[in-house]
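Architecture at a glance
Below are the chains, spelled out letter by letter.
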Amino acid sequence: MSNLSTSPATDQQLVAQVLGGNTASFGQLVQRTQGLVTQIVFKMIRHPADRPDVAQDVYVKVFKNLAGFKLQAKFSTWVGQITYNTCLHYLEKKQLVLVDPAEPELDTASEYGRRAPPLVAGTDYDPETALFSQNLAGILGSAIEQLPPLYRTLISLYHQQELSYEEIAQITSLPDGTVKNYLFRARKQLKQYLLITYQRDDL
Amino acid sequence: MSSLHLSDSALQEAAESTSLLPASQVAHLCGCPLCQGQVATYQHLLTAVAHLPPPTFSFDLTASVLARLPQAKPAFPWVLSGVAALVLGVVIAILTLYGGLLVPVFQSLATGLGAGLTTVAGFFVAWQCLELLAQHRRQMRQLAFS
């Protein structure tokens, strides 16, 4: 019984409290979702000085539109959607490219069966020692930074925030298949960048 | 074993789970060290990505957001408005019913008394205006210092 009285309020309950005039409850909603918001903002916005303003704008928009939130929906996904759209608006304003349209689509059907080139010359390549030998976080961080904003965001949402394809599709308003395709391309670009930039001996 | 190596997308799927692959590709993967190596590369890469430290702001995002929230508008004073409307209605009703009786009363008053009443009312209104002005100044001072 005591568990019932001390159990934390659900997102929906907190939303109802904020709508009832309890602004302090909004702080709890911010704390619960700021990991996701920060992740998207950091991946979509390259300029560090602009990130705090964008993140705060996101939450002001969330607060203003809270009455429009459908209580059946997942709150974090809804906040993620607003964050993504706010970042998209920022990129449009700055005339920055979300993803390079010139890049060819990765056709999984046609690619199946193609002879895959070896990652590096030689057969004694040991990826474990190569990838984990030096300052991996720094190398990976800078490699991810080289990807287009959308790819960076998809990689972090899927692999770091552990969202499903469906949730990412809801946040980005992209079809599930497109999300999956972009993720394939993002991982491939990431791997290729690492292999080209850092020679085996450097790693 | 098929001589065709797995496509990059198949390698990535295998890095997540081989259950996502068709049986023919699983069979190839089992006998191909090259594809196994590439799957292992993806597995290590994606594990490392998943363990990257999450980005954080150097300031308290929650506090700054709460400070930026728009202030709630004060609710419309429905009760006060209702009472005012009720009082106004009563006054209008009284004037409608007994207004005719008041005219001869005012006509019978001496001119001096009328002037006196007007002067007192004028002083009262002026005093109220000065009070309102003083109150407004006090509020402005509080706002400036807060």
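Predicted model only: the values in this text are computed from it and were never measured.

The next subject is the overall build of chain A. Along its length, chain A carries 11 helices and zero strands. In chain A, the succession of helices and strands from N to C terminus is α-α-α-α-α-α-α-α-α-α-α. Burial analysis of chain A (203 residues in total) assigns 33% to the buried set. Taking the intrachain contacts of chain A between residues at least 6 apart in sequence as the baseline, contacts between residues at least 24 apart amount to 72%.

Summing up its helical and strand segments, chain B has six helices and zero strands in all. Classification of the 146 residues of chain B by burial places 15% in the buried group. A fraction of 53% describes how many contacts in chain B between residues 6 or more apart in sequence connect residues 24 or more apart.

Here we take up helix α10 (residues 165–172) of chain A. Residue and element names in this part refer to chain A. Within the sequence span of α10, burial applies to Ile 168, Gln 170, Ile 171 and Thr 172. Contact partners of the buried residues in α10: α5 (75–93), α9 (149–160) and α11 (176–197). Looking one or two places after α10, you find Ser 173, whose phi comes out positive at around 60 degrees.

On to the packing of helix α3 (residues 24–44) of chain A against helix α4 (residues 51–64) of chain A, then. All names here are of chain A. Remark: α3 packs on α4, axes separated minimally by 10 Å, with the N-to-C direction vectors making an angle of 135 degrees. Classified by the angle their axes make, α3 and α4 are oblique. Both α3 and α4 take part in a crossing whose hand is right-handed. Along the contact surface, α3 presents Phe 26, Val 30, Val 37, Thr 38, Val 41 and Phe 42, while α4 presents Arg 51, Val 54, Ala 55, Val 58, Tyr 59 and Phe 63. For the contact of α3 with α4, the residue count by class is 10 nonpolar, one polar and one charged.

Moving on to unusual backbone geometry. Residue and element names in this part refer to chain A. Of note in this structure, Glu 162 is not a glycine but carries a positive phi near 55 degrees. For Glu 162, the position within the fold is in the loop between α9 and α10. Positioned with a positive phi, Ser 173 is a non-glycine residue whose angle comes to about 60 degrees. Tracing the chain through its elements places Ser 173 in the loop between α10 and α11.

Before going further, it helps to examine helix α2 (residues 11–19) of chain A. Residue and element names in this part refer to chain A. What α2 keeps buried is the set Asp 11, Leu 14, Val 15 and Val 18. The arc that holds the buried residues of α2, viewed along the axis, is 100 degrees, so those residues lie on one side. Following α2 by one or two positions, Gly 21 has its phi on the positive side, about 110 degrees.

Inspection of the secondary structure puts Pro 52 of chain A in helix α4. C-alpha of Pro 52 of chain A to C-alpha of Val 41 of chain A: the two residues are 11 residues apart in sequence and 8.7 Å apart in space. What Pro 52 of chain A contacts, discounting residues up to four positions off in sequence, is Phe 57 and Phe 59 of chain B.

Moving on to the nonpolar core. Buried together is how nonpolar side chains tend to be arranged in soluble globular proteins. Formed by 57 residues in total, the largest nonpolar core has its most connected members in Val 41, Cys 87, Leu 154, Ile 155, Ala 186 and Leu 190 of chain A together with Leu 11 of chain B. Here the element with the most residues in this core is α3 of chain A; it accounts for nine residues. With near-sequence residues (within four places) excluded, Val 41 of chain A lies in contact with Arg 51, Val 54, Ala 55, Thr 83 and Cys 87 of chain A.

Residues and elements named next belong to chain A. The interhelical angle for the contact between α3 and α5, taken along N-to-C directions, is 20 degrees, at an axis separation of 10 Å. With respect to each other, α3 and α5 are oriented roughly parallel. Both α3 and α5 take part in a crossing whose hand is right-handed. Contacts between α3 and α5 involve Thr 33, Leu 36, Val 37, Ile 40, Val 41 and Met 44 from the former and Ser 76, Val 79, Gly 80, Thr 83, Tyr 84, Cys 87 and Leu 91 from the latter. Residue composition of the contact of α3 with α5, by class: nine nonpolar, four polar and no charged.

Mean pLDDT for chain A: 80, with 75% of residues reaching 70 or above. Across residues 104–124 of chain A the pLDDT falls below 50, and counting only partners more than four positions away or on other chains, this stretch makes 32 contacts in the model.

To continue, consider the confidence of the model for chain B. Per-residue pLDDT for chain B averages 85, and the proportion of residues at 70 or more is 91%. Interface predicted TM-score (ipTM) for the complex: 0.72; the corresponding pTM is 0.66.

Procedures and definitions
Residue indices follow the written sequence of each chain, beginning from 1 at its first position. To read the labels, note that chains go from A and ligands from 1, taken in the order they are written. Confidence filtering applies because this is a predicted model: local features only for residues at pLDDT of at least 70, side-chain atom pairs given and counted only at 80 or more, and all residues used for totals across whole chains, interfaces and linings. Helix and strand assignments follow DSSP, with helices taken as H or I runs no shorter than four residues and strands as E runs no shorter than two, numbered in order from the N terminus. Neighbour counting defines burial: a residue surrounded by 20 or more other C-beta atoms within 10 Å of its own C-beta is buried, one with 12 or fewer is exposed, and intermediate counts give partly exposed, using backbone-placed C-beta atoms. Whether two residues are in contact depends on their C-beta atoms, placed from the backbone: they are in contact if these lie within 7 Å. Helix axes use the C-alpha atoms of the stretch in contact, all axes being lines fitted to C-alpha atoms, and the angles between their N-to-C directions lie in the range 0 to 180 degrees. Every angle not falling under 35 degrees, over 145, or within 65 to 115 is termed oblique; those three ranges are roughly parallel, roughly antiparallel and roughly perpendicular. Note on convention: the crossing is left-handed when the near helix lies turned anticlockwise from the far helix by less than a right angle, right-handed when the turn is clockwise. Each residue gets one label: Ala, Val, Leu, Ile, Met, Phe, Trp, Tyr, Cys and Pro are nonpolar, Asp, Glu, Lys and Arg are charged, and the others, such as Gly, are polar. As used here, the arc is the angular range of directions from the helix axis to the C-beta atoms. Put simply, a nonpolar core is buried Ala, Val, Leu, Ile, Met, Phe, Trp, Tyr and Cys residues tied into one set by C-beta atoms within 7 Å. The predictor reports its confidence for every residue as pLDDT, a score running from 0 up to 100.

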